[in-house]
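Below, each chain spelled out in residue letters.
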Amino acid sequence: MAAGVAVSCSKSSVFPKQASLIDPSSSFLGGSPLKGLCLQLITRKTKSRGAVNLVASSASTDATSPSTGSGGRFYLNFTGFPFPLGPFLNRRTIRTEAVKGCIWLFEQQQALGFSSVSTNIRMTVIKLKSGGLWVHAPIAPTRECIQLVKELGAPVEYIVLPTFAYEHKIFVGPFSRKFPRAQIWVAPRQWSWPLNLPLEFFGIFRSRTLKDGDLSTPWADEVEQKVLSSPEVGIGPYVEVAFYHKRSRTLLVTDAVIYVPKQPPACISKESLLESAKNGLAVKILSKGKEVPQEPIVDNKMNRQKGWERMVLQILFLGPSNLLEPNASFAQVSQKLIVSPIVKTLVFSKVPEKVRDWIDSIAKEWRFKRIIPAHFAAPINASGSDFLAAFAFLDELLGERYVTRPSLSLLFTSLLGKAASYFPPDDMRTLSSLDQFLVSVGVVKKTVSGRKQ
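Fair warning: this is a prediction, and the values are worked out from it, not measured in the lab.

## Re the packing of aromatic side chains
Per the stated rule, a full pass over the model turns up 15 aromatic pairs. With 5.3 Å between their ring centres and 40 degrees between their planes, Phe175 and Phe179 make a pair best called tilted. On the basis of relative accessible area, Phe175 is assigned to the buried category, the value being 0%. The class for Phe179 is buried, based on a relative accessible area of 12%. Linked through ring pairs, Phe164, Tyr238, Phe348, Phe368, Phe387, Phe391 and Phe393 together constitute an aromatic cluster.

## A short note on the nonpolar core
Of all hydrophobic cores here, the largest spans 81 residues; its most connected members are Trp134, Phe348, Ile371 and Phe391. Among residues more than four places away in sequence, those in contact with Ile371 are Leu251, Val253, Val257, Leu337, Ala378, Pro379, Ile380, Ala382 and Phe387.

## A closer look at the pairing of strand S11 (residues 237–245)
Of all nine residues in S11, nine are buried, a share of seventy percent or more. Residues Pro237, Val239, Val241, Phe243 and His245 point to one face of S11 and Tyr238, Glu240, Ala242 and Tyr244 to the other, with burial holding for every one of them. In this sheet, S11 lies alongside strand S10 (residues 223–232) in antiparallel orientation, the contact comprising eight bridges. Residue pairing across strands places Lys226 opposite Ala242, the latter belonging to S11. Inspection of the sheet shows S11 paired to strand S12 (residues 250–252) by three bridges, in the antiparallel sense. Following the sheet pairing, Phe243 is matched in S12 by Leu252. Connecting S11 to the antiparallel partner S12 that follows it, the hairpin turn spans four residues, and Arg249 within it adopts a positive phi of roughly 55 degrees.

## Side note on the side chain of Gln110
By the secondary structure assignment, Gln110 is in strand S4 (residues 103–112). Excluding residues that lie within four positions of it along the chain, Gln110 makes contacts with Leu85, Gly86, Pro87, Val117, Ser118, Thr119, Ile121, Glu167, Phe171 and His375.

## Remarks on a nonpolar patch on the surface
There is a patch of nonpolar side chains on the surface, built from Phe437, Val441 and Val443 and spanning about 260 Å² of accessible area. Judged by relative accessible area, Val443 falls into the partly exposed class, the value being 31%.

## Considerations on unusual backbone geometry
Put simply, Gly86 and Pro87 share a cis peptide bond, and its omega is -5 degrees. Its location among the elements puts Pro87 in the loop between strand S2 (85–86) and strand S3 (94–99). Between Ala378 and Pro379 the backbone carries a cis peptide bond, its omega angle lying at -5 degrees. As for its position among the elements, Pro379 is in the loop between strand S15 (370–372) and strand S16 (380–381). Positive phi values are uncommon outside glycine, yet Ala137 reaches one of about 55 degrees. For Ala137, the location among the structural elements is in the loop between strand S6 (133–136) and helix H3 (143–150). Look at Ala137 and you get buried, because its relative accessible area is 1%. Phi is positive for Gln335, which is not a glycine, with a value near 60 degrees.

## Side note on the sheet that holds S12
Spatially, five strands are ordered S10-S11-S12-S15-S16 in an open sheet, and the strand pairing comes out mixed. With one partner strand each, in any of the chains shown, S10 and S16 form the two edges of the open sheet. Across the sheet, helix H11 (residues 352–365) is in contact with S10, S11 and S12; its angle to S10 comes to roughly 170 degrees.

## A closer look at the confidence of the model for the protein chain
For the protein chain, per-residue confidence averages 79 on the pLDDT scale, and 75% of positions sit at 70 or higher. Taken together, the stretch residues 1–69 has pLDDT below 50 and engages in 135 contacts with residues farther than four places along the chain or on a different chain.

## Some details on the pairing of S4
Of all 10 residues making up S4, nine are buried, and the element is well covered by its neighbours. With two bridges connecting them, S2 and S4 associate as antiparallel partners. What sits directly across from Leu85, in S4, is Leu112. Strand direction decides the pairing type here: S3 and S4, joined by five bridges, are antiparallel. Pairing of Glu97 across the sheet is with Trp104, part of S4. Counting the residues that bridge the hairpin from S3 to S4 gives three residues, and of these Gly101 lies at a positive phi of roughly 65 degrees. One ladder, built from nine bridges, connects S4 with strand S5 (residues 118–127); its direction is antiparallel. If you follow Gln109 over to S5, its bridge partner there is Asn120.

## Focus: the pattern of salt bridges
Per the counting criterion, the structure on display carries 12 salt bridges. Across the pair Glu151 and Arg95 runs a salt bridge, and its minimum N-O distance is 3.3 Å. Of this pair, Glu151 sits in the loop between H3 and strand S7 (156–161) while Arg95 sits in strand S3, and the two are 56 residues apart along the sequence. Since its relative accessible area comes to 39%, Glu151 is described here as partly exposed. Notably, a salt bridge pairs Asp426 with Arg429, separated by 3.0 Å at the nearest N-O pair. With a gap of three residues between them, Asp426 and Arg429 both fall in helix H15 (residues 425–440), about one helical turn apart. Owing to a relative accessible area of 30%, Asp426 belongs among the partly exposed residues under this scheme.

Criteria and thresholds
- Residues numbered from 1 in each chain as written.
- Predicted model: local features only at pLDDT ≥ 70, side-chain atom pairs only at ≥ 80, totals over all residues.
- Heavy atoms only, no water.
- Phe/Tyr/Trp six-rings, centres within 6.5 Å; stacked < 30°, edge-to-face > 60°.
- Buried < 20%, exposed > 50% of the residue type's maximum accessible area, 1.4 Å probe, protein only.
- Core = buried A, V, L, I, M, F, W, Y, C linked by side-chain atoms within 4.5 Å.
- Contact = heavy atoms within 4.5 Å.
- Helix = DSSP H or I, 4+ residues; strand = E, 2+ residues; numbered from the N terminus.
- Pairing = 2+ DSSP bridges.
- Patch = residues over 30% accessible without salt bridge, like charges linked within 9 Å, V, L, I, M, F, W, Y side chains within 5 Å.
- Areas by Shrake-Rupley, 256 points an atom, 1.4 Å probe, with all protein chains shown as cover.
- Salt bridge = Lys/Arg side-chain N within 4 Å of Asp/Glu carboxyl O.
- Axes fitted to C-alpha atoms, helices over the stretch in contact; angles between N-to-C directions.
- pLDDT = per-residue confidence, 0-100.

Below, the structure is given as structure tokens:
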């Protein structure tokens, strides 16, 4: 999750000589061509466990491909709060086919500020019976990305923002301008911080609001939806909309659950992985007092893996116990369906009743066999029992009086959930301290009870 501020202004005030931007000989920061420049300028008129196959040959580095190269991947973004979201200039897009002829995944790298810490961000595209495309959580609309969408040979009919989170909201406006005939649907109760800005400020116009169990949506016969809209857990509510594609039995979520793969996603650059493998200041601080060797980083499989493990631990725990030797902690969180420690600690533990109602409804009414989150691995081969197991920590927070599932199901998910919900105390220490501090200053509430809020 992230919050952010975008700045809008007239084109002429930023680029008085706009024609020079499309000059093939132009360059910026090390020779990146500006042809295909994609800016978020809002101009107002008057007023895994599952195997997937890479199907995007155009996502290669072949400079002769019309949808590749630095021009096709160029996207300028320096917005975000408190840290801007990178990469700032180039974003590679990789397309995979999750369900043959039906569901495609589009992934790009997403970095935290100027650091080497990165993960993947995912857009999911479903082909409806009408022949049109339903787009979930758009990513940066680079020329490469848009070309990969167009290669599916179907019109984009609906663009869906399933969350309030800034890292997903930021791309909806620019993406929708590439497909002006598409309807835009957004999760309810949108907000941003430190300034609560309207959607129009982010370039999102004429949007419609997603409602819980709404049967009047144009896709209701094929895709169902359930909204988690919590009371304010601090500076604002947590809002996420889950979707169920009935024909493929696929559950789509944003941040509710994740599955950390052992190997780094293909969209994360080797340069970022190797940079993360270096023994920098963060490693020196989080080394459990051990001596940190200073040695050059060689590009090999071992160092790329170390870089990935360090990235994951910093993303999930902020300040893990041991970045110098990340293997043990990484093994505790990888290759299983979990709720991210940050989301668990700062959000779901604050509103356990609301979350329990939401997940119980999902598991009971939707007979899914795979899950596609917006980050880390996908598709994940998982059932309702696997999904409930990831939320086993709610049982401890709520107690037996809130248990609504059959006893055998509860026993089974409880056993699975002990493994899924356990995180090493040493790794959780920084996150727990942050939670206590945020509660003490009133930024995050200690608990918020009540199903009807």
